[in-house]
Amino acid sequence: MLLLTLLTVGSLAFAQDNLINSLKSNQSENPDFKFTTLKEVGRTSVKDQGSSGTCWSYSGNSFIESEMIRMGKPVVDLAEIFTARNVYRDKAKRYVLFGGALEWGDGGELHDVINMYRKYGAVPQQVYSGLALGQTRNNFGEMQAVIKSMLDTYVKNPQGKLSPNWLENVDNVIDSYLGQAPKEFTYKGKRYTPQTFAKEVVGINPDDYVELTSYKDYPYYQRFVTPVPDNWSHDSMWNVPMADLTKIIDNAVDKGYSVGWATDVSEPYFSYKNGVAYVPDIDLNHIDAEVKASLFKGSRPDKKITEDMRQEALNNLTTTDDHGMQIVGLAKDQTGKEYYMVKNSWGLTNDFQGYLYVTKPYVQYKTTGILVHKNAIPKDIINKMKPKTGIGI
């Protein structure tokens, strides 16, 4: 969910790198953080999404891998680019049908992973890496620019009627960059299709997963189409009060469930290098270089977040939907302050080997969405959601 609206098509190749580079100065020398794990859930190893805005697919597939572990299934490294490749195809069709009035690029949402799993299945990483043409890491900038040029031509529809094979042409371009997705493959001596692999090996039920957010200016405990650019499929989320977000996460982690987390990381108080994010109790609109350099020297109090603060940041676009990660535990620092343990997908390149520690106020302030198993939601919240549909979730 890289916010590609901030970038021109010509700079798509650098979108992910630009995000990471923009955070490099968000660090303090000699940071003093010591964390003790209070609770953690099963998860697979930290991956590297490379120079691609596919964090939503990495965090979403990591979430599914954790679900497999929770269900007692053998660990499988799922192919993130298989999911992304299917999104690109479906998004291309919708882009043309919407006359180009749709976000284009690598970006997506956590629900895309569940939707693609339901529609196309899943495959292991060893079967489909998405790395072709001698590549060793993801970089889809050229591909995305080429596809967008094609799609914009189709939108203009110069002949007054699209050729019947226009979407096949898009498929061929995607295949030329990422390789053809397998229709059948062998895994541990058995033959599968992506659909049978999803059913027989992965084994999750896509109907069991719920996506939630918090917007004060929409009715609570109802669903609405979230107004973020990367929600290209116009999926709806359940809307809950801000305090419910952390209540749900706390309950999930306590019961052994991980949480898919979509959020804004483009803040001076988010440090990937130091592996810490919090909301300092200062004037957030006036953080000068001196203050910024001291933000991560050690544990500090968080600002108290209100629903009005949260909604104002969403409405004035100081909170944007620019990254997806996975919450995998709860920890405390040496002062007793609690943080969520967060698994990222930028490799093992920070102070905590690819993990971050994020305070609950930061999650309340900057979260754009969470993905959880329905059984991870506290019953009192479920009971408020059920009457809105008559059938529950």
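Model, not experiment: these values are computed from the prediction.

About the thresholds
- Residues numbered from 1 in each chain as written.
- Predicted model: local features only at pLDDT ≥ 70, side-chain atom pairs only at ≥ 80, totals over all residues.
- Heavy atoms only, no water.
- Helix = DSSP H or I, 4+ residues; strand = E, 2+ residues; numbered from the N terminus.
- Polar contact = N/O pair within 3.5 Å; in protein donor to acceptor, adjacent residues only side chain to side chain.
- Contact = heavy atoms within 4.5 Å.
- Core = buried A, V, L, I, M, F, W, Y, C linked by side-chain atoms within 4.5 Å.
- Buried < 20%, exposed > 50% of the residue type's maximum accessible area, 1.4 Å probe, protein only.
- Salt bridge = Lys/Arg side-chain N within 4 Å of Asp/Glu carboxyl O.

Chemist: Just to check I follow, could you spell out the side chain of Asn350 for this structure?
Modeler: Here Asn350 is to be found in the loop between β11 (338-343) and β12 (355-359). Within the local environment of Asn350, its side chain forms a polar contact with the backbone oxygen of Tyr272, the two atoms lying 3.0 Å apart. Engagement of the side chain of Asn350 in a polar contact is seen with the backbone nitrogen of Gly354, the distance being 2.7 Å. For Asn350, the residues in contact, after removing those within four places along its chain, are Tyr272, Lys273, Gly275, Tyr355 and Leu356.

Chemist: Any chance you could explain the nonpolar core here in plain terms?
Modeler: Note on soluble globular proteins: their nonpolar side chains tend to be buried together. Core analysis: the biggest nonpolar cluster contains 57 residues, and Leu212, Trp261, Phe270 and Ile370 have the highest contact counts within it. Among the elements that line this core, the one with the most residues is helix α8 (residues 242-254), at 6 residues. Setting aside anything within four residues of it in sequence, one finds Leu212 in contact with Met237, Trp238, Val240, Ile248, Gly369, Ile370, Val372, Ile377 and Met385. One finds Phe63, Ala84, Tyr177 and Ala198 within the second-largest nonpolar core, a separate group that totals 52 residues.

Chemist: I tried to follow unusual backbone geometry on my own but got confused; where do I start?
Modeler: Leave glycine aside and you will find that most residues have negative phi; peptide bonds, for their part, are mostly trans. At His234, a residue that is not glycine, the phi angle is positive and equals roughly 60°. Position of His234 relative to the elements: it lies in the loop between β5 (222-225) and β6 (236-239). Positive phi is not limited to glycine here, since Leu317 has a value of about 65°. When you line up the elements, Leu317 lands in the loop between α10 (307-315) and β10 (323-332).

Chemist: Can you walk me through the pattern of salt bridges in this structure?
Modeler: All chains considered together, the criterion is met by 22 salt bridges. Where Asp32 meets Lys34, a salt bridge forms, and the shortest distance between an N and an O atom there is 2.9 Å. With relative accessibility at 35%, the residue Asp32 sits in the partly exposed group. Residue Lys34 is classed as exposed on the basis of its relative accessible area, which comes to 53%. The salt bridge involving Asp250 is made with Lys360; its shortest N-O contact spans 3.1 Å. Pair noted here: Asp250 is in helix α8 and Lys360 is in helix α11 (residues 360-366), with a separation of 110 residues, a long-range link. A residue is classified by how much of its surface remains accessible, and Asp250, at 27% relative accessible area, is partly exposed.

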